Amino acid sequence: MSAYLITSVSVVGGPPTDLLIRDGVVAEVGAGLSAPDAGVVDGTGLVALPGLVDLHTHLREPGREDAETVESGSRAAAMGGYTAVCAMANTSPVADTAGVVEQVWRLGREAGLVDVQPIGAVTVGLAGERLAELGAMADSAARVRIFSDDGHCVADPLLMRRALEYVKAFDGIIAQHAEEPRLTEGAQMHEGEVSTRLGLIGWPAVAEEAIIARDVLLTEHVGSRLHVCHVSTAGSVEVLRQAKARGVRVTAEVTPHHLLLTDEAVSGRSELASPGLANSWSPAESYDPVFKVNPPLRTAADIAALRAALADGVIDVIATDHAPHALEDKECEWAYARPGMLGLETALSIALDVLGPEWDLIAERMSRTPARIAGLTGHGIDPAPGVPANLTLIDPAAHRTIEPAELASRSRNTPYARMTLPGRIVATFLRGEPTVLDGKAVK
């Protein structure tokens, strides 16, 4: 069906109205619309948002299709209300050539569930030794504009400078995984009281903050664009605040888990930044590898600073860092477990808990701004006549208990298992075609 009429829906928190979607665009907006040939979606009590955009997704294909594929990750994204995701480069082979990024881009087009925009590697093989084919990836069919060695820091300052200089020619972005490797060797979790109590080697906050400080100075010197991945500390927020005040072209993201979960989860305690959610959930046991992530879960004071920075714009976007892993990579001893958590199917619920029903702010942090940073045409635009019908419908009054086996991802490493979260995605539309209807994947 090429036409859908969404009735009595609130557009980004506004008064109830009707939306008519026809031939891939929003054809009309207004009360009392009629379209006999259109499928009807009852939007009573629902909020329509521009389709969500994720700047930080791991789809694992090629190389680790046992954990995720472009198709399964795209389906998880659609179930979470996303219409576009940026796929990180740490695949096998690494997305450091035009051929690999085009493969990922084409797999996304074939799946047809969300727009998949590949992120290219900064260095060959993520090894941090020499620049990858940045220009070739930028000129490829995938039109790569963001480059990242995520999972690894571009630790060499000369190499980082050269990368910033190179991408400036086509207004590209270097997205940095901020971690000084000499300060985190052998690290297992956040360095602090909990790591001391548990006897685990700590990952100090300064390892993140030092790289961000260095990189904003390099970016300021070069006049290029920097994006900081998964900011996790209060100190990082202050570095970013000062850089933005000076006009440095830097943007930053925070993950849902760094806005909610503290390092106490590693010890088996249910300390959350949202006490209401803690009443419905508790970690299963101490040293549960599902809570192992890089950068690590931090303290309640860090979370408070991150939430404030997200609200006032020092942190620009919420990005999931969706990191699926096969069972053998998570159901093992803590020291051997791979870091990462699922995030696509739960991110909007966490945002609703963190920000409340501030729909314009949620749209800004999860759709408009990430689409603008990534340069994604047709995404991040509020539903209005003539714009591409990339949108999602959420029921803010609903609650759901997260059951890992029911997730669309191939992996099950969600930190929110058995937690009751607010909000439910009712429908997602990609260019006017539903990918999710009545909370279920259409294909």
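The structure we're discussing is the one just above.
Definitions and limits used
- Residues numbered from 1 in each chain as written.
- Predicted model: local features only at pLDDT ≥ 70, side-chain atom pairs only at ≥ 80, totals over all residues.
- Heavy atoms only, no water.
- Pairing = 2+ DSSP bridges.
- Helix = DSSP H or I, 4+ residues; strand = E, 2+ residues; numbered from the N terminus.
- Axes fitted to C-alpha atoms, helices over the stretch in contact; angles between N-to-C directions.
- Contact = heavy atoms within 4.5 Å.
- Expected span 1.5 Å × (residues − 1).
- Buried < 20%, exposed > 50% of the residue type's maximum accessible area, 1.4 Å probe, protein only.
- Arc of directions from axis to C-beta.
- Right-handed = clockwise from strand over helix to strand, strands pointing away.
- Parallel < 35°, antiparallel > 145°, perpendicular 65-115°, else oblique.
- Nonpolar A, V, L, I, M, F, W, Y, C, P; charged D, E, K, R; others polar.
- 1 Å grid on protein atoms, 1.4 Å probe; cavity = no way out; pocket = protein on both sides within 12 Å on 5 of 7 lines; lining within 4 Å.
- Points joined across faces, edges and corners; volume = space filled by probe spheres on them.

Pairing is parallel across the open sheet formed by three strands, whose spatial order is β6-β7-β8. Single-partner strands in this sheet number two, and they are β6 (52-57) and β8 (115-118). The average undirected angle you get between the axes of adjacent strands in this sheet is 20°. Strands in contact with helix α12 (residues 359-374) are β6 and β7 (82-87); relative to β6, the strand with the most contacts, it is inclined by about 55°.

The terminal C-alpha atoms of helix α9 (residues 300-312), which comprises 13 residues, lie 19 Å apart, in line with the 18 Å expected from a rise of 1.5 Å per residue. The complete set of buried residues in α9 reads D302, I303, L306, R307, A309 and L310. Buried positions in α9, seen along its axis, are confined to an arc of 165° and lie on one side of it.

Neither face of strand β10 (residues 173-176) is exposed, since I173 and A175 on one face and I174 and Q176 on the opposite face are all buried. By the bridge criterion, two bridges tie strand β9 (residues 146-147) to β10 in an arrangement that is parallel. Bridged to F147 within β10 is I174. Once the chain exits β9 it traverses helix α4 (residues 157-168) before rejoining the sheet at β10, and the crossover so formed is right-handed. Bridge count for β10 against strand β13 (residues 226-228) is three bridges, and the pairing is parallel. Paired with I174 across the strands is L226, a residue of β13.

In contact at an axis separation of 8 Å, helix α7 (residues 234-245) and α9 are set at 30° when each is read in the N-to-C sense. Here α7 lies roughly parallel to α9, going by the angle between them. Only D302, A305, L306, A309 and D312 of α9 make contact with α7, whose side of the interface consists of A234, V237 and R241. Here the residues of the contact of α7 with α9 sort into five nonpolar, no polar and three charged.

Moving on, we get to unusual backbone geometry. The amide bond that connects E61 to the next residue, P62, takes the cis arrangement and shows omega of 10°. Examined against the element boundaries, P62 turns out to sit in the loop between β6 and α1 (70-79). The omega torsion across N294 and P295 is 0°, close enough to zero to call that bond cis. Note on placement: P295 falls in the loop between α8 (275-278) and α9. Phi is positive for D23, close to 55°, though the residue is something other than glycine.

Let's shift gears to empty space enclosed by the protein. This structure, assessed with the given rule, holds two cavities of 30 Å³ or more. By volume, the largest cavity is sized at about 50 Å³. Forming the walls of the largest cavity are H322, L342, G343, L344, E345, T346, L407, S409 and T414. Looking at the lining of the largest cavity residue by residue, the classes come out as three nonpolar, five polar and one charged. By volume, the second largest cavity is sized at about 40 Å³. Lining the second largest cavity are L55, H56, M88, I119, I146, A175, H227, C229, E253 and I373. In the lining of the second largest cavity, the residues fall into seven nonpolar, two polar and one charged.

Function cannot be read off these values alone, since they describe shape.
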